[in-house]
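Chain by chain, the residues:
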Amino acid sequence: MSSSSSTLTVDDKSVDLAIKTGVIGPSVVDISKLYGQTGMFTYDPGFTSTASCESKITYIDGDEGVLLYRGYPIEQLAEHGDFLETCYLLLYGELPTAAQKADFDYRVTRHTMVHDQMNRFFTGFRRDAHPMAIMVACVGALSAFYHDSTDISDPHQRMVASMRMIAKMPTLAAMAYKYHVGQPFVYPQNELDYTSNFLRMCFAVPAEEYKVNPVLSRALDRIFILHADHEQNASTSTVRLAGSSGANPFACIAAGIACLWGPAHGGANEAALKMLEEIGTPDRIPEYIAKAKDKNDPFRLMGFGHRVYKNYDPRARIMQKTTHEVLNELGIKDDPLLDVAVELEQIALKDEYFIEKKLYPNIDFYSGITLKAMGFPTSMFTVLFALARTVGWIAQWSEMIEDPSQRIGRPRQLYVGSPKRDYVTVAQRG
Ligand code: SDX
């Protein structure tokens, strides 16, 4: 990584600020000494121009619509690999050999059960509790169980906690679904692969044998690959900030789940499907496009737009292909929601407003149609996003812990409140 410098002049003061250049992508101006040298902060609400860290994990080129995990294009990983191979790549930085992959699969598989006491947390919820609320609670509760892997300064314990998190998310997600629909929990089966195991835990019932559909399992496994990591997005930044205080790793992941739930972030897949259902038929699309463009209307096209992608989200393209694959496999010839989605995309992409603001479909636009066709209720869509993103959160958390320059994250502010004033007794307040 090379560096040069820039000069910033504030009033009568000039300060030299180092410029750091990465392997690819924008360089950064190192402002870490700015306050000490000028008494001023930078100001960047929403962090549109702020790099919070150095990272080797994921690279996004928003203008070109490029997404690389450890340098490998998402299209190639989704085409040729499986989700646990992507987990290994994100955690260790290299694609596994056959022996390394077999060992990794074995280790994950043997951590899929949760402590039986976990079942008791579910009975406290109403059956109509949102599964994301259950996930925030239950993943946070894991921090009460595993005292043998919470010394985050110990690389071995960090890896044990990481494997447990990756392995147990499908089990907890399936339990959240089963509790929601009032069916008994189904335990993991070690002879099944990761995603087939998850499908069986969700859809098997004690009354009959459940046979995993390999086409659906492969499609869902690919969907997990697409959602695995995405640079310094809101939920990953939440996990990094929580982890920077040295908090329990399971509690940090629970914080990430809470942030992902928002409709502007991971909750958009649920919101996008509800939007498509509300639009209902293609003839009502112009009405909703007008609402999305109306500055006085808070309505936004859910599943459209992105802070980084100012081109087509490469994941959305793969997602769209997977949608057709799943609908074909299920014999769904004519899905009205897909008709609305395809028509909406075509109209929006030709509309001056969307072109000028560079708004394209993102990963959440098509995912809901696919997951609904697979049998998941809308309320489970963001849970599946959280299941897949857990490896990204864990990899980014580990990278932060191992970063020698790492310290607790503590932003400052521009204070616009009341100047200092004296207390007035209630008698004097009139
Ligand atoms: C994810 O960060 C990540 O990497 C996230 C993610 C990941 O993998 O972790 O990719 C996953 O969260 C995908 C995004 C899912 N969210 C949605 O689909 C919700 C709908 N989209 C938006 O709310 C919005 O596009 C965001 C939140 C995604 C991005 O917001 P920004 O970057 O803060 O952009 P903005 O809100 O400032 O919008 C810029 C302009 C605004 O108009 P002006 O004020 O400049 O006139 O574009 C408009 C917005 O009004 N705009 C939209 C729009 N998104 C932005 N107008 C209509 N419909 C939309 N969807």
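Residues numbered from 1 in each chain as written. Predicted model: local features only at pLDDT ≥ 70, side-chain atom pairs only at ≥ 80, totals over all residues. Heavy atoms only, no water.

## Examining the site of the ligand
For clarity, the threshold we go by: We call a residue near a given molecule or strand whenever any one of its heavy atoms falls within 4 Å of it. Polar contact is defined as a pair of N or O atoms within 3.5 Å, subject to the rule that within protein one atom must be able to donate a hydrogen and the other to accept it, and that residues adjacent in sequence are counted only when both atoms are side-chain atoms. The Shrake-Rupley method, run with a 1.4 Å probe sphere, supplies the accessible areas, and residue values consider only the shown protein chains as cover. Amino acids are sorted into nonpolar (Ala, Val, Leu, Ile, Met, Phe, Trp, Tyr, Cys and Pro), charged (Asp, Glu, Lys and Arg) and polar (every other residue, Gly among them).
Lining the immediate surroundings of the ligand are 24 residues, of which H230, K295, H306, R307 and R315 lie closest. A distance of 2.9 Å separates an oxygen atom of the ligand from a polar atom in the side chain of H265. Within the side chain of R307, a nitrogen or oxygen atom sits 2.7 Å from an oxygen atom of the ligand. Burial of the ligand by the surrounding chains reaches 78%, relative to a free accessible area of 1,000 Å². A breakdown of the residues in the shell around the ligand according to their chemical character gives 10 nonpolar, 7 polar and 7 charged.

## Notes on the nonpolar core
Applicable threshold: The set of buried Ala, Val, Leu, Ile, Met, Phe, Trp, Tyr and Cys residues whose side-chain atoms join them within 4.5 Å is what this entry labels a nonpolar core. Throughout this description, buried means an accessible area under 20% of the type-specific maximum (1.4 Å probe, protein chains only), exposed means over 50%, and partly exposed covers the range between. Numbering of helices and strands runs from the N terminus; a helix is a DSSP stretch of H or I covering at least four residues, while a strand is a stretch of E covering at least two. Whether two residues touch is decided by their heavy atoms; if any such pair falls within 4.5 Å, the residues are in contact.
Core analysis: the biggest nonpolar cluster contains 116 residues, and F83, L172, F198, L301 and F376 have the highest contact counts within it. Per-element tally for this core: the top contributor is helix 18 (residues 381-402), with 14 residues. What F83 contacts, discounting residues up to four positions off in sequence, is Y194, D221, F224, I225, A228, A388 and V391.

## Focus on the layout of surface pockets
Threshold: Using protein atoms alone on a 1 Å grid, points that fit a 1.4 Å probe yet trap it form a cavity, whereas open point sets bounded by protein on both sides within 12 Å along at least five of seven lines form a pocket; residues with an atom within 4 Å of a point count as lining. Grid points are joined across faces, edges and corners, and a volume is the space filled by probe spheres set on the points.
Of the voids in this model, the second largest pocket is the one considered here, and its volume is about 280 Å³. Forming the boundary of the second largest pocket are 20 residues, of which D193, Y194, T195, S196 and D221 lie nearest the centre. For the lining of the second largest pocket, the secondary-structure elements that each account for two or more residues are helix 3 (83-92), helix 4 (98-109), helix 8 (194-203) and helix 9 (214-227). Residues that form the lining of the second largest pocket fall into these classes: 7 nonpolar, 7 polar and 6 charged.

## Some details on empty space enclosed by the protein
On inspection of all chains with the given rule, the structure shows 2 cavities of 30 Å³ or more. If you add up the space inside the largest cavity, you get close to 70 Å³. Lining the largest cavity are M113, V114, D116, N119, T171, M175, F185, V186, Y187 and P188. Split into classes, the residues belonging to the lining of the largest cavity amount to 7 nonpolar, 2 polar and 1 charged. As for the second largest cavity, its lining consists of I223, F224, H227, N269, S367, L371, F381, L384, F385 and A388. At 4 residues, helix 18 tops the list of elements feeding residues into the lining of the second largest cavity. Split into classes, the residues belonging to the lining of the second largest cavity amount to 7 nonpolar, 3 polar and no charged.

## Focus on the pattern of salt bridges
Note the threshold: The term salt bridge refers to a pairing of a side-chain nitrogen on Lys or Arg with a carboxyl oxygen on Asp or Glu at a separation within 4 Å.
The tally for this structure, following the rule as stated, stands at 16 salt bridges. Between D30 and K20 there is a salt bridge; the shortest N-O distance is 4.0 Å. Note that D30 is positioned in the loop between strand 3 (28-29) and helix 1 (34-38) and K20 in strand 2 (residues 13-21), a separation of 10 residues in sequence. A salt bridge links R164 to D148; the nearest nitrogen and oxygen atoms lie 2.8 Å apart. Of the two residues, R164 is situated in helix 7 (residues 155-181) and D148 in the loop between helix 6 (131-141) and helix 7; the sequence distance between them amounts to 16 residues. Note on D148: relative accessible area 47%, which makes it partly exposed. Each of K20, D30 and E54 takes part in salt bridges that share partners, so that together they form one network.

Any link to function would need more than the numbers given here.
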